[in-house]
Amino acid sequence: MLYDITIIGGGIVGLATGLKIKTQRPELKVAVLEKESEVACHQTGNNSGVIHSGLYYKPGSMKAKNCINGYHQLVQFCEENEIPFEITGKVVVATKKEQLPQLNFLMERGIQNGLKGVRSITMEELKEFEPYCQGVGALHVPQTGIVDYKRVAMVYEKKFTALGGVVLFNHKVLDINDLNNSITINTSAGDINTKIVINCAGLYVDKVAAMLEKDPLPIRIIPFRGEYFKIKKEREYLVKNLIYPVPDPNFPFLGVHFTRMKKGGVEAGPNAVLAFRKEGYKKTDFNLNEFLEAVTWPGLQKVAGKYWRTGLGEYKRSFIKSEFTKALQELIPDITSADLVSGGAGVRAQACDREGGLLDDFAIQETAKAVHVINAPSPAATSALSIADKISELALQKV
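Here the residue numbering is sequential within each chain, running from 1 through the sequence in written order. For a predicted model such as this one, the threshold for reporting local features is a pLDDT of at least 70, and the threshold for listing and counting side-chain atom pairs is 80 or more; totals across whole chains, interfaces and linings nevertheless cover every residue. Neither water nor hydrogens contribute to the side-chain values; these are computed over all heavy atoms in the structure.

## Re the overall build of the protein chain
So, point 1. Counting from the N terminus, the helices are the DSSP runs of H or I reaching at least four residues and the strands are the DSSP runs of E reaching at least two. The helix and strand tally for the protein chain stands at 10 helices and 20 strands.
So, point 2. Here the globule rule is a power law, 2.2 Å times the number of residues to the power 0.38, and the radius of gyration is based on C-alpha atoms. Scaling as 2.2 N^0.38, a compact globule of 399 residues should have a C-alpha radius of gyration of about 21 Å, and the protein chain matches this with 21 Å.
So, point 3. In terms of principal-axis extent, the alpha carbons of the protein chain reach across some 65 × 45 × 40 Å.
So, point 4. Throughout this description, buried means an accessible area under 20% of the type-specific maximum (1.4 Å probe, protein chains only), exposed means over 50%, and partly exposed covers the range between. Within the protein chain, the proportion of its 399 residues that are buried is 54%.
So, point 5. Residues count as neighbours in contact if any of their non-hydrogen atoms are within 4.5 Å of one another. A separation threshold of at least 6 residues defines the contact pool for the protein chain, and within that pool the share at least 24 residues apart is 74%.
So, point 6. Calculation of accessible area relied on Shrake-Rupley with a 1.4 Å probe; when residues are assessed, cover is drawn exclusively from the protein chains displayed. Element-wise, carbon and sulfur atoms account for 52% of the exposed surface of the protein chain, whose accessible area totals about 17100 Å².
So, point 7. Taking the average place of the 49 positive charges on the side chains of the protein chain and the average place of its 44 negative ones, the gap between the two points comes to 1 Å. The sign given to each residue is positive for Lys and Arg and negative for Asp and Glu; His and the chain ends receive no count. A single reference atom marks each charge: NZ on Lys, CZ on Arg, CG on Asp, CD on Glu.

## Some remarks on the sheet that holds strand β8 (residues 145–147)
So, point 1. Two strands make a pair as long as DSSP finds a minimum of two bridges between them. The strand order across the open sheet formed by 3 strands is β3-β8-β4, and the pairing between neighbours is antiparallel. One side of each edge strand has no neighbouring strand; the edge strands of this open sheet are β3 (50–51) and β4 (85–87).
So, point 2. Note that β3 and β8 share 2 bridges and pair antiparallel. Looking at β8, one finds that Val 50 is bridged to Ile 146.
So, point 3. The axes are straight lines fitted to the C-alpha atoms, using for helices just the contacting stretch, and the angles between their N-to-C directions are given from 0 to 180°. Across the sheet, helix α2 (residues 62–80) touches β3, β4 and β8, and the angle it forms with β4 is around 135 degrees.

## Some details on the pattern of salt bridges
So, point 1. The salt bridge criterion pairs a side-chain nitrogen of Lys or Arg with a carboxyl oxygen of Asp or Glu, the two atoms within 4 Å. Counted under the stated rule, the structure contains 21 salt bridges.
So, point 2. For the salt bridge of Lys 302 with Glu 355, the shortest nitrogen-to-oxygen distance reads 3.1 Å. With Lys 302 in helix α8 (residues 298–319) and Glu 355 in the loop between β18 (340–353) and β19 (363–367), this pair connects stretches of sequence that are 53 residues apart.
So, point 3. A residue is classified by how much of its surface remains accessible, and Lys 302, at 41% relative accessible area, is partly exposed.
So, point 4. On the basis of relative accessible area, Glu 355 is assigned to the exposed category, the value being 59%.
So, point 5. A network of salt bridges, in which partner residues are shared, links Lys 35, Glu 36 and Glu 279.

## Side note on the packing of helix α1 (residues 12–24) against helix α5 (residues 149–162)
So, point 1. Packing of α1 against α5 brings their axes to within 9 Å, and their N-to-C directions diverge by 30 degrees. Our classification of the angle between α1 and α5 gives roughly parallel. For the element pair α1 and α5, the recorded crossing hand is left-handed. Residues Ile 12, Leu 15, Ala 16, Gly 18, Leu 19 and Lys 22 of α1 pack against Tyr 149, Val 152, Ala 153, Tyr 156, Glu 157, Lys 159 and Phe 160 of α5.
So, point 2. In the contact of α1 with α5, the residues fall into 9 nonpolar, 1 polar and 3 charged. Note on angle classes: values under 35 degrees are labelled roughly parallel, values over 145 roughly antiparallel, values of 65 to 115 roughly perpendicular, and the remainder oblique. The handedness criterion is simple: a crossing whose near helix is rotated anticlockwise from the far helix by less than a right angle is left-handed, and one whose near helix is rotated clockwise is right-handed. We call Asp, Glu, Lys and Arg charged. Ala, Val, Leu, Ile, Met, Phe, Trp, Tyr, Cys and Pro are nonpolar, and the rest, Gly among them, are polar.

## Notes on unusual backbone geometry
So, point 1. Residues Gly 269 and Pro 270 are joined by a peptide bond in cis, for which omega reads -5 degrees.
So, point 2. Structurally, the position occupied by Pro 270 is in the loop between β16 (266–269) and β17 (273–274).
So, point 3. Cis geometry is adopted by the peptide bond preceding Pro 379, which originates at Ser 378 and carries an omega value of 15 degrees.
So, point 4. For Pro 379, the position within the fold is in the loop between β20 (370–375) and α10 (380–396).
So, point 5. Even without being a glycine, Asn 180 presents a positive backbone phi close to 70 degrees.
So, point 6. Looking at the secondary structure, you find Asn 180 in the loop between β10 (173–178) and β11 (183–187).

## Focus on a nonpolar patch on the surface
So, point 1. On the surface, Phe 286, Leu 288 and Leu 292 cluster together to form a nonpolar patch covering roughly 280 Å² of accessible area.
So, point 2. Turning to its location among the elements, Phe 286 is positioned in the loop between β17 and α7 (288–295). Grouping into patches uses exposed residues only, defined as over 30% relative accessible area, and leaves out salt-bridged ones; the cut-off is 9 Å for like charges and 5 Å for nonpolar side chains (Val, Leu, Ile, Met, Phe, Trp, Tyr).

## Observations regarding the nonpolar core
So, point 1. We call a set of buried Ala, Val, Leu, Ile, Met, Phe, Trp, Tyr and Cys residues a nonpolar core when their side-chain atoms join them within 4.5 Å. Ile 5, Ile 12, Val 152 and Tyr 156 are the most contacted members of the largest nonpolar core, which totals 45 residues.
So, point 2. At the level of secondary structure, the elements contributing two or more residues to this core comprise β1 (2–8), α1, β2 (30–33), α2, α5, β12 (190–199), β20 and α10.
So, point 3. No other element matches the 10 residues that α10 contributes to this core.
So, point 4. Those residues in contact with Tyr 156 that lie beyond four places of it in its chain are Ile 12, Leu 15, Ala 16, Leu 19, Leu 74, Phe 77 and Leu 385.

## As for the packing of aromatic side chains
So, point 1. Think of it this way: a Phe, Tyr or Trp ring, Trp meaning its six-membered ring, pairs with another when their centres are within 6.5 Å, and the plane angle makes it stacked under 30 degrees, edge-to-face over 60, tilted otherwise. Counted under the stated rule, the structure contains 7 aromatic pairs.
So, point 2. Between Tyr 56 and Tyr 57, the aromatic rings sit 6.1 Å apart at their centres with planes inclined by 65 degrees, giving edge-to-face as the arrangement.
So, point 3. Tyr 56 sits in the buried class, given a relative accessible area of 18%.
So, point 4. Residue Tyr 57 is classed as buried on the basis of its relative accessible area, which comes to 9%.
So, point 5. For the ring pair Phe 276 and Phe 291, a centre distance of 5.3 Å and an interplane angle of 85 degrees mean the geometry is edge-to-face. Here Phe 276, found in the loop between β17 and α7, pairs with Phe 291, found in helix α7; they are 15 residues apart in sequence, far enough to count as distant.
So, point 6. Classification of Phe 276 by relative accessible area gives partly exposed; the value is 27%.
So, point 7. Among the aromatic residues, ring-to-ring pairing joins Phe 276, Phe 286 and Phe 291 into one connected group.
So, point 8. Each ring is checked for a lysine NZ or an arginine CZ that lies within 6 Å of its centre and within 35 degrees of its normal; such an atom marks a charge sitting over the ring. Looking at Lys 283, its charged tip hangs above the ring of Phe 319, at a distance of 5.7 Å from the centre.

## A few points about the side chain of Lys 22
So, point 1. Position of Lys 22 among the secondary structure elements: in helix α1.
So, point 2. Within the buried core, Lys 22 has no salt-bridge partner, and the shortest N-O distance to an opposite charge, that of Glu 27, equals 7.2 Å.
So, point 3. Here a polar contact is taken to be a pair of N or O atoms separated by no more than 3.5 Å, where protein atoms must pair a possible hydrogen donor with a possible acceptor and residues adjacent in sequence count only if both atoms sit in side chains. A polar contact is formed between the side chain of Lys 22 and the backbone oxygen of Pro 26, at a distance of 2.7 Å.
So, point 4. In terms of polar contacts, Lys 22 uses its side chain to reach the backbone carbonyl oxygen of Leu 163, at 3.4 Å.
So, point 5. Every residue in contact with Lys 22, bar those within four places of it in the chain, is listed here: Leu 28, Val 30, Phe 160, Leu 163, Gly 164 and Gly 165.

All quantities given are derived from atomic positions and should not be read as evidence of function.
This is the structure we're talking about:
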């Protein structure tokens, strides 16, 4: 069979894109290729389950526009499809006086992005929201929630296939050949022929793009592992909903936080350390080729040279539980190492350019027969339906 569009990657963005395309053009033959035996096994299934509000992102950026639009689409989708979710609100807390200007900046940015009800709160009000939290300043953001994104992705898959879309599991992409009239995707389960490719391969988006394009992408995907602890059940009362620190402007994805999970429990974390393989969920996971590809990339070398102290601090929190606990105690002093048990880990696909720039915004690159989603970190799960609108618009122009 010759597919009109083939999407590589059965994560939440790939599935949302398939759903959008089939909804708009039900006559098209659309397939999603997934190398695992089920959907959402990687970034989608290993994140903290937060429905993001759009507080942090530069006004007018792809993240800002897609997060806010995606938030509303996601909430509506969950309501229509009876997917459990909660709009819990969250607090963003400054623990040092020098963080107060950044906290005020965040509130102004949230207002610019159209958030309703975001406001500065007193420390007395902070205690009402989170009785065990301390700080010198705080914001309350009502438009934040929690959901199980794996469950969301599974409903995207169900609706996509109900419209005639096909999800092909255990199809790991090995090579791609452009044969003028069509593209042949060589997979571990046989060849797939298609007119157009949408590359939503996450951690492997750069590798997949290199199979198809003569000119390589100007980035490399660097895997950063984020490790979580869970709070013991008898101490979950320390956290009511979501507690976030003021982010470091240089590394907005750093900073441990507390998240009540929709599927149960409370997570604390993550840190962020270089993973030694693309899907390196454990400290012992190692792939020599993938490790060398990361550490020989000039961009990562420049990042390491400039911010090695920050990186060292993240590794200390990775290997020394008491250091991780200290970071958590800045927000909740009563928490102890004994309250924490090992949780899961996720791996963030972080695009890094040759000059050492860690791409912060979403990035999509279009070529003659493909659309490559080259950077879609958090809040991509929240934003997936909105990102899918853009991807499907680009892809449908090619069919």
